[in-house]
Amino acid sequence: MFITIEGIDGCGKSTQSKRLSEWLEGRTHVKTIRTYEPYSFREFILSSRGISPMSELLLFLADRAEHLKRIILPELNEGHNVICERYNDSTLAYQCGGHGLNLSYVKNIIASCKFPEPDVKILLEINPELAYSRVLERHNSQDKFESEGLSLMKRVSDCYLNLEGYIVIHCSDMKEDEVFAKIKLELEKRL
């Protein structure tokens, strides 16, 4: 299975993807790989400030192409499960909702890349104020996106909620274990 976990910074993607990979490997008896985006050009993308939204979009797409070539497709071809934190919908949410690029235009560009679609997409939906407070607690230095603050997170969150095809987990008022229980329940229906 190819599973993506989406959501704004501070929603719990890393925590839930770790738990999910352990559970899925035990449940399916298939090796499960965790990965994330950006991947190949991570440091450059997350530290570059002041570049245009279109340049940023193209960097993310180049990064995804390398990520697919080096990690995702080889693992899937070996018959392994892959859980990826962020994928195409992050690009749409951040570049369109967050930075104002035209959604239809960016969807067409992504479609022309012919990236494989995930089998399951999970959106961890959370109140942006809560997520931003978690980001601030997590560390003192912020990457390019985190430094853009709460207004960016609100725009990105709104965009995610207008995209389709997710298992949506509303996790603002839930503890970590409750979120994971909902994820497992939804995945059990698909296994």
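Residues numbered from 1 in each chain as written. Predicted model: local features only at pLDDT ≥ 70, side-chain atom pairs only at ≥ 80, totals over all residues. Heavy atoms only, no water.

Attention now goes to the packing of helix H3 (residues 53-77) against helix H4 (residues 88-98). Close contact between H3 and H4 brings their axes to 11 Å; oriented N to C, the two are set at 170 degrees. In terms of orientation, H3 lies roughly antiparallel with respect to H4. Listed contacts from H4 to Pro53, Glu56, Leu57, Phe60 and Arg64 of H3 are Asn88, Thr91 and Gln95. Residue composition of the contact of H3 with H4, by class: 3 nonpolar, 3 polar and 2 charged. (Axes fitted to C-alpha atoms, helices over the stretch in contact; angles between N-to-C directions. Helix = DSSP H or I, 4+ residues; strand = E, 2+ residues; numbered from the N terminus. Parallel < 35°, antiparallel > 145°, perpendicular 65-115°, else oblique. Contact = heavy atoms within 4.5 Å. Nonpolar A, V, L, I, M, F, W, Y, C, P; charged D, E, K, R; others polar.)

Applying the stated rule across the entire model yields 12 salt bridges. For the salt bridge of Lys18 with Glu22, the shortest nitrogen-to-oxygen distance reads 2.8 Å. Taken together, the positions of Lys18 and Glu22, both in helix H1 (residues 13-28) and 4 residues apart, correspond to about one turn of that helix. (Salt bridge = Lys/Arg side-chain N within 4 Å of Asp/Glu carboxyl O.)

Considering all chains together, one arrives at 1 aromatic pair under this definition. Relative to Tyr87, the ring of Phe2 has its centre 5.1 Å away and its plane inclined at 85 degrees; by these criteria the two rings are edge-to-face. With Phe2 in strand S1 (residues 2-6) and Tyr87 in the loop between strand S3 (81-85) and H4, this pair connects stretches of sequence that are 85 residues apart. Since its relative accessible area comes to 2%, Phe2 is described here as buried. For Tyr87, a relative accessible area of 1% puts it in the buried group. Seen from the ring of Tyr166, Lys121 lies directly overhead, with NZ or CZ sitting 5.0 Å from the centre. (Phe/Tyr/Trp six-rings, centres within 6.5 Å; stacked < 30°, edge-to-face > 60°. Buried < 20%, exposed > 50% of the residue type's maximum accessible area, 1.4 Å probe, protein only. Lys NZ or Arg CZ within 6 Å of the ring centre and 35° of its normal.)

Moving on to the sheet that holds S1. A sheet is described by the order of its strands in space; here 5 strands give the open sequence S2-S3-S1-S4-S5, paired in parallel fashion. Either end of the sheet is taken by a strand with one partner, and the two such strands are strand S2 (32-36) and strand S5 (167-170). For this sheet, the mean inter-axis angle between neighbouring strands, taken without regard to orientation, is 20 degrees. Where strand S4 (residues 120-125) lies against S5, 4 bridges are found, and the strand directions are parallel. Pairing of Leu124 across the sheet is with Ile169, part of S5. Running over the sheet, H1 touches S1, S2, S3 and S4 and is turned about 175 degrees from S3. (Pairing = 2+ DSSP bridges.)

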